[in-house]
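Letter by letter, the chains look like this.
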Amino acid sequence: MLLPTADVHASAYWVDFFGALTREDQQQLAEVLAQWRHLWDARLVASWGTMLQFQVGRRPTPGDDAWAAAGQLKALAPNLELSRWEVAVALPAGDAWFVHNRP
């Protein structure tokens, strides 16, 4: 899907994501997208309705950075079966992040 905007913040209003159905959810997603872009150079590369895929240019460092990112990812993906600490351990090791939120 190609978004009709280069503005990371605005892209949250264009994607069809189950985790952001209301305007308030879209606003929260927009804030996370902007923050992830600034901190991790995370770029939204795909959306499949219940899943978002990000390509990450700067991985969070283990510790506080990874813990904070894991908390945000878990908030966007409440169905994720991994605990927050497991996500925090995995995030610094990968360049692709997948956020799933299913009904």
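As shown above, the structure is provided for reference.
Bear in mind that the values here come from a model prediction, so they are computed numbers and not experimental data.

Cut-offs and rules
- Residues numbered from 1 in each chain as written.
- Predicted model: local features only at pLDDT ≥ 70, side-chain atom pairs only at ≥ 80, totals over all residues.
- Heavy atoms only, no water.
- Helix = DSSP H or I, 4+ residues; strand = E, 2+ residues; numbered from the N terminus.
- Buried < 20%, exposed > 50% of the residue type's maximum accessible area, 1.4 Å probe, protein only.
- Areas by Shrake-Rupley, 256 points an atom, 1.4 Å probe, with all protein chains shown as cover.
- Pairing = 2+ DSSP bridges.
- Phe/Tyr/Trp six-rings, centres within 6.5 Å; stacked < 30°, edge-to-face > 60°.

Draft legend 1. Seen up close, the overall build of the protein. On a plain count of helices and strands, the protein comes out with 4 helices and 3 strands. In sequence order, the protein lays out its α and β elements as α-α-β-β-α-α-β. Out of the 103 residues in the protein, the part that is buried amounts to 39%. Accessible surface for the protein amounts to roughly 5900 Å². Of this, 55% is attributable to carbon and sulfur atoms.

Draft legend 2. Local environment of the pairing of strand β1 (residues 42-47). With 5 bridges joining them, β1 and strand β2 (residues 51-56) adopt antiparallel strand pairing. In the sheet register, R43 faces β2, and the bridge partner there is Q55.

Draft legend 3. Up close: the packing of aromatic side chains. For the structure shown, the criterion picks out 2 aromatic pairs. A centroid spacing of 5.1 Å and a plane angle of 75 degrees characterise the contact between W36 and F54, whose relative ring orientation is edge-to-face. Of this pair, W36 sits in helix α2 (residues 23-40) while F54 sits in strand β2, and the two are 18 residues apart along the sequence. Exposure class is identical for W36 and F54. Each is buried. With a centroid separation of 5.1 Å and 90 degrees between ring planes, the pair formed by W36 and W97 is classed as edge-to-face. Residue W36 is located in helix α2, and its partner W97 is located in strand β3 (residues 96-100); the two are separated by 61 residues in the primary sequence. The pair W36 / W97 is uniform in exposure class, with both members buried. Taken together, the aromatic side chains of W36, F54 and W97 make up a single cluster linked through ring pairs.

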